[in-house]
Amino acid sequence: VGQDSVEVLGHSFPRDHFTNVTPKVLSKVGRNLHNQAHHPLWLIKERIKAHFYSAYTGRWGTPLFSVHDNLSPVVTVEQNFDSLLIPPDHPSRKPGDNYYLNRTTMLRAHTSAHQSEMVRSGLDAFLLAGDVYRRDEINASHYPVFHQMEGVRLFSSHELFSKVKNGEELSLFESGGRRTPHKQEMHTLEAVKLVEFDLKRTLTRLVTHLFGEDLEVRWVDCYFPFTHPSFEMEVRFQDDWMEVLGCGVMEQELLNSSGAGNKLGWAFGLGLERLAMVLYSIPDIRLFWSQDERFLKQFRVQDIHQPICFQLLSKYPPLHNDISFWLPGSRGSEEGRESFTQNDFYELVRSVGGDLVEKVSLVDEFTHPKTGRRSLCYRIVYRHMEHTLTQQEVRLIHQQIERAAEVELGVQGRY
Ligand code: PHE
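Overview of the structure. (Residues numbered from 1 in each chain as written. Predicted model: local features only at pLDDT ≥ 70, side-chain atom pairs only at ≥ 80, totals over all residues. Heavy atoms only, no water.)

## Some words on the environment of V381
We apply this condition: A run of DSSP states H or I qualifies as a helix once it reaches four residues; a run of E qualifies as a strand once it reaches two. Both are numbered from the N-terminal end. Contact criterion: two residues are considered in contact whenever any of their non-hydrogen atoms come within 4.5 Å of each other.
With respect to the secondary-structure elements, V381 resides in strand β14 (residues 374–382). Distance in space between the C-alpha atoms of V381 and N321 is 6.7 Å, their sequence separation being 60 residues. Other than its neighbours up to four places away in sequence, V381 contacts P318, L319, H320, L356, V357, E358 and K359.

Laid out in structure tokens, this is it:
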């Protein structure tokens, strides 16, 4: 372990001229916010899981989709790009946009990096949640680490056509076909349309489940090297259309090389932060990394379907008041000083002020030159989560704290 290698999740990767991971981004690897119970990203993931588990069951009532949320974000460049048919000179590979550990290894830029290996392992329907890494500006909606949920569903000819009248006469593939804006060359139009319909219905049901009936949704045509046709789903949010996911009919070449050449499939990748920001009106993506109890505790519900009423931390203004007092024991006797400890005071402030107290800090210390008595001054920041505090409200509590300090801690107020 030294300058010439990078340590990630207990593994060592030799540096080369591709290496561009920073200590800052590496410090996020392993945080796994999506696996942290009651974190908003975990909550969304759990709600999506629950929806897929209950809405899509197999022949014996077992869930159709398996869920995977523990795959390492350290992937090969092959997984992240080549396995998805992304050409060697594609701009999405540039070091300026990605975090490379070295020439062959990187932090995944999307959960699609696992599509191929999951299909090769025999899965026909799966969801995959994970942290993804992209070099980007840092602002309210961009952060170098975010979280995605990938979904893939494959169909055999039987699965796709069994519900269609005279379905046994239809086929998934044709030869001599052409690639058009609507389909890949080897797919029949009827197969693609059924897959596309199932994809859009599945995703519409999902967002309707998450957001409620009156959510407005629209589909926008787009391009991905690993799906065709490809779409983006946008939802109406605060008078604007916001992109929440990319999806499409999987490129057949991907399925062919992953051992599922007899099937058609759809895939989607959605941004968990995006969904959470819309769902809970969280204004800044950096808040997801907050360790602040006042943020986290708002998502600690008994039941994942319980509605969340997210209250922005800084929405209501704080008020502060100072409190100064002489410590007990005159003339600086050691005995007096020892009878007062800071934590006693903090505890007293908490017990009187409760959740209205946001912060207590020592702002001044003074020792009287003649008497040797010591005086402390604390600043108490008050803030209510649900309304703006008035000066009168705060003064009342503050006076209670002043009195309690004199009675319980034996200090002499300089109020
Ligand atoms: N991986 C794509 C992205 O990160 C999203 C996507 C997933 C698109 C699956 C199509 C299919 O933007």
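Additional details are given in the paragraphs that follow.
## Brief notes about the site of the ligand
Rules: Near is defined per residue: the residue qualifies when any heavy atom it owns lies within 4 Å of the molecule or strand. Polar contacts here mean pairs of N or O atoms no more than 3.5 Å apart (in protein, one a potential hydrogen donor and the other a potential acceptor; neighbouring residues in sequence count only if both atoms are side-chain atoms). Each accessible area value is a Shrake-Rupley result obtained with a 1.4 Å probe; residue values ignore everything except the protein chains displayed when judging cover.
Near the ligand you find 14 residues, and of these H110, S112, R134, Q148 and G269 are the closest. Separating an oxygen atom of the ligand from a side-chain N or O atom of Q148 is a distance of 3.0 Å. Notes on the ligand: free accessible area 330 Å², of which the protein chains cover 90%. Taken together, the elements giving at least two residues each to the shell around the ligand come down to β7 (145–155), β10 (240–250) and β11 (264–271).

## So, the sheet that holds strand β3 (residues 66–68)
We count it as follows: Two strands form a pair only when DSSP identifies at least two bridges running between them. Lines fitted to the C-alpha atoms define the axes, with helices restricted to the stretch that makes contact. Angles between their N-to-C directions range from 0 to 180 degrees.
Taken in spatial order, the seven strands make up an open sheet running β3-β6-β7-β11-β10-β9-β8, and their pairing is mixed. Only two strands of the sheet have a single partner each, and these edge strands are β3 and β8 (217–224). Strand-to-strand twist across the sheet, computed as the mean angle between neighbouring axes with direction ignored, equals 25 degrees. Inspection of the sheet shows β10 paired to β11 by five bridges, in the antiparallel sense. Note that in β11 the partner of L245 across the bridge is L270. This element, helix α6 (residues 189–211), spans β7, β8, β9 (227–237), β10 and β11 of the sheet and lies at about 30 degrees to β11.

## Considering the sheet that holds strand β12 (residues 319–326)
Strand order in the open sheet formed by four strands is β13-β14-β12-β15, and the pairing between neighbours is antiparallel. Strand pairing shows two members of the sheet lacking a second neighbour, β13 (357–367) and β15 (412–413), which therefore form its edges. Taken together, the nine bridges between β13 and β14 define a ladder with antiparallel strand orientation. Following the sheet pairing, T367 is matched in β14 by R374. Helix α11 (residues 342–353) contacts β12, β13 and β14 of the sheet and is inclined by roughly 140 degrees relative to β13.

## Some thoughts on the packing of helix α2 (residues 40–55) against helix α8 (residues 272–280)
The line we're drawing: The scheme is simple: roughly parallel for angles under 35 degrees, roughly antiparallel for over 145, roughly perpendicular for 65 to 115, oblique for anything else. Gly counts as polar in this scheme, as do all residues outside two lists: the nonpolar Ala, Val, Leu, Ile, Met, Phe, Trp, Tyr, Cys and Pro, and the charged Asp, Glu, Lys and Arg.
Between α2 and α8, whose axes approach to 9 Å, the crossing angle comes to 95 degrees. Taken as axis vectors, α2 and α8 run roughly perpendicular relative to one another. Of α8, the residues touching α2 (which contributes P40, L41, L43, I44, R47 and I48) are L272, E273, L275, A276, L279 and Y280. When its residues are assigned to classes, the contact of α2 with α8 shows 10 nonpolar, no polar and two charged.

## Here's the deal with α2
Stated formally: A helix is expected to span 1.5 Å for every residue after the first. Buried means the residue's accessible area, taken with a 1.4 Å probe over protein chains only, is under 20% of the maximum for its type, while exposed means over 50%, and partly exposed covers the values in between.
Compared with an ideal rise of 1.5 Å per residue, which puts 16 residues at 22 Å, α2 spans 22 Å between its outermost C-alpha atoms and is within 8% of the ideal. With 12 of 16 residues buried, α2 lies mostly within the body of the structure. For α2, the complete set of buried residues consists of P40, L41, W42, L43, I44, K45, E46, R47, I48, K49, H51 and F52.

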